[in-house]
Amino acid sequence: MAIGNKLVAAVLRSPAHGLLSGSVALVRYTGRRTGRTIVTPVQYVTLGDDVVILSGRPDTKTWWRNFKREGDIEVLVRGTWCRLRARAISGAEQPATVRPLLDQYLHRFPRAARSLPGDTPEARAAAALLVWCRPSLS
């Protein structure tokens, strides 16, 4: 983890987490190829019990690929670790699913639209890659 991410992670795990935890969470998961535990900070929104993470410029990121198939993830939200099931969803493949989630995300973080190509909501949704984390049914 880069030094900046380590600092953010330290703040999120501390009693001072309130400085960042309204918009930044930690995700913890097991790497699909390495089997190592990976922890990284992400910007997120909550929708009820769900956590939605936009992978801006997904071609330059790799962590979301661990969730091409649904998998276990832990998310540190506002000082509490939550065990969830995560799935990466592409706007190009699932526009009807991605569009309302992305709309909520961009309502909370309008500047995040800059990380998406396109000038219309439809074009942005088609380019979006979200990691949708939901409580397990079991």
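Residues numbered from 1 in each chain as written. Predicted model: local features only at pLDDT ≥ 70, side-chain atom pairs only at ≥ 80, totals over all residues. Heavy atoms only, no water.

## Thoughts on the packing of aromatic side chains
Inference 1: Following the criterion strictly, the structure yields 4 aromatic pairs and no others.
Inference 2: Seen from their ring centres, Tyr29 and Trp63 are 6.2 Å apart, and the 40 degrees between their planes marks the pair as tilted. Of this pair, Tyr29 sits in strand E1 (residues 24-30) while Trp63 is found in the loop between strand E4 (50-54) and strand E5 (71-77), placing the two residues 34 residues apart along the sequence. For the pair shown, Tyr29 and Trp63 are each scored as buried.
Inference 3: Geometrically, the ring pair formed by Trp63 and Phe67 is edge-to-face, given 6.2 Å between the ring centres and 70 degrees between the ring planes.
Inference 4: Given the relative accessible area of 1%, Phe67 is considered buried.
Inference 5: Taken together through their ring pairs, the aromatic side chains of Tyr29, Trp63 and Phe67 make up a single cluster.
Inference 6: We note Arg134 situated over the ring of Trp132; from NZ or CZ to the ring centre the distance is 4.0 Å. (Phe/Tyr/Trp six-rings, centres within 6.5 Å; stacked < 30°, edge-to-face > 60°. Helix = DSSP H or I, 4+ residues; strand = E, 2+ residues; numbered from the N terminus. Buried < 20%, exposed > 50% of the residue type's maximum accessible area, 1.4 Å probe, protein only. Lys NZ or Arg CZ within 6 Å of the ring centre and 35° of its normal.)

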